[in-house]
Amino acid sequence: MAKKVTPKSVANRLHNGDDVLILDVRENNEVLEGKILGAKHIPLGHIALRKDELNKNETYVVVCKSGNRSKAACDILEALGYKVEDMVGGMNEWNGELDK
């Protein structure tokens, strides 16, 4: 089961200059509203098809709008051998900068 992280802890890690890889699994139209700076966007329905774009040696913080799809994406990616953290509360609770 993926480690759960809060939007605040992710924002703090980014602010501190930590190397944090964000994977945004929202739909294209949702990402148009803005995504976390530097986040990689792969919609949930494309995760299995595009898994080769991810590195199994890295850990990804997975984010969606509210936390439901990120949990599903974490389950899929963990089953495929990837290391992930689930950002609970999703973008609904994100107060950091956005890339629009």
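Before any of the text, the structure's been laid out above.
Residues numbered from 1 in each chain as written. Predicted model: local features only at pLDDT ≥ 70, side-chain atom pairs only at ≥ 80, totals over all residues. Heavy atoms only, no water.

Draft legend 1. Structural context of the environment of Ser9. Of note, Ser9 is situated in helix 1 (residues 7–15). Residues Ser9 and Tyr60, 51 residues apart in the sequence, show an inter-C-alpha distance of 14 Å. Separated by 2.9 Å, the side chain of Ser9 and the backbone oxygen of Thr6 make a polar contact. (Helix = DSSP H or I, 4+ residues; strand = E, 2+ residues; numbered from the N terminus. Polar contact = N/O pair within 3.5 Å; in protein donor to acceptor, adjacent residues only side chain to side chain.)

Draft legend 2. Structural view of the sheet that holds strand 4 (residues 40–41). Spatially, the five strands line up as an open sheet ordered 1-6-5-2-4, and their pairing is parallel. Each end of this open sheet is capped by a strand with a single partner; those strands are strand 1 (3–5) and strand 4. Relative to strand 4, strand 2 (residues 21–24) runs parallel, the two being bridged by two bridges. Pairing of Asp24 across the sheet is with His41, part of strand 4. Against the sheet, helix 1 contacts strand 1, strand 2, strand 5 (59–63) and strand 6 (83–87), and its axis sits at roughly 80° relative to strand 1. Relative to the sheet, helix 3 (residues 68–79) contacts strand 2, strand 5 and strand 6, its axis offset from that of strand 6 by approximately 170°. (Pairing = 2+ DSSP bridges. Contact = heavy atoms within 4.5 Å. Axes fitted to C-alpha atoms, helices over the stretch in contact; angles between N-to-C directions.)

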